[in-house]
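Examination of the molecular architecture
Chain residues, written in single-letter form:
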Amino acid sequence: MELTKIAFGSGCHWCTEAVFQTLIGVEKVEQGWVASIEKNNTFSEAVIVHFDLEKINLKTLIEIHLLTHKSTSNHSMRTKYRSAVYYFTHQQKEKSLKIIEKLQVSFKDKIITKVLTFKEFKPNTAEFQNYYQSNPDKPFCKNYINPKLTFLLQKFSKNIDKRKVSHLIPTT
């Protein structure tokens, strides 16, 4: 199986990591900081997502990315939490721009997410890797990550590995 990779910057990388780790077809999520080039050359919280194109496509990944963070808000923390899709190939750049343009119609406000060159990655320390999977009962996870995962269960149920979020699925 050949994996494709793309990187996403949004809000907290613990949240972003947890969102992508629950998806069928995502084989690995690297959590840390990504830098691009030129005016976006500073490191910002992000994840690199390694995925199987036969199980999940780029459009679904980008749509989930846009819907699980403030992709229309140009708030004061955008340097630390850059809203971005970081591409590894020119083809990914072109596809990502088209996908965001098509998805814009479903958003009331303008999407501010940038499509940027992936330049460099610094992984987070080992103690913070797989943060949600290791700490689902921590207040941060319950308050910030669980609502995102619950949203995914509702809107993208067919893309979710239910075993990774079984604690969020109501039992009947």
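The following refers to the structure shown. All of these numbers come straight from a predicted model, not from anything done at the bench.

**Observations concerning the sheet that holds strand S1 (residues 4-9)**
With mixed pairing, six strands are arranged side by side in an open sheet as S5-S4-S1-S3-S2-S6. Two strands bound the open sheet, and with one partner strand each, they are strand S5 (114-117) and strand S6 (120-123). Strand-to-strand, the axes of this sheet are offset by a mean angle of 35°, without reference to chain direction. Pairing geometry for S1 and strand S3 (residues 44-51), over six bridges, is antiparallel.

**Remarks on the layout of surface pockets**
A volume near 370 Å³ is recorded for the largest pocket. Lining the largest pocket are 15 residues, with Gly11, Cys12, Lys70, His75 and Lys148 sitting closest to its centre. When residues of the lining of the largest pocket are assigned to their parent elements, the largest contribution, three residues, is made by helix H5 (residues 139-155). Classifying every residue of the lining of the largest pocket gives six nonpolar, six polar and three charged. As a volume, the second largest pocket reaches approximately 190 Å³. Along the walls of the second largest pocket sit Thr4, Phe51, Leu53, Asn57, Leu58, Lys59, Thr89, Gln91, Gln92, Lys95 and Ile99, which together make up its complete lining.

**Some details on the nonpolar core**
Phe8, Phe20 and Ile62 are the most contacted members of the largest nonpolar core, which totals 39 residues. Residues in contact with Ile62, not counting those within four places in the same chain, are Phe8, Val85, Ser96, Ile99, Ile100 and Leu103. Residues Val34, Ala46, Tyr86 and Phe118 belong to the second largest nonpolar core, which totals nine residues.

Reading guide: rules and limits
Residues numbered from 1 in each chain as written. Predicted model: local features only at pLDDT ≥ 70, side-chain atom pairs only at ≥ 80, totals over all residues. Heavy atoms only, no water. Pairing = 2+ DSSP bridges. Helix = DSSP H or I, 4+ residues; strand = E, 2+ residues; numbered from the N terminus. Axes fitted to C-alpha atoms, helices over the stretch in contact; angles between N-to-C directions. 1 Å grid on protein atoms, 1.4 Å probe; cavity = no way out; pocket = protein on both sides within 12 Å on 5 of 7 lines; lining within 4 Å. Points joined across faces, edges and corners; volume = space filled by probe spheres on them. Nonpolar A, V, L, I, M, F, W, Y, C, P; charged D, E, K, R; others polar. Core = buried A, V, L, I, M, F, W, Y, C linked by side-chain atoms within 4.5 Å. Buried < 20%, exposed > 50% of the residue type's maximum accessible area, 1.4 Å probe, protein only. Contact = heavy atoms within 4.5 Å.

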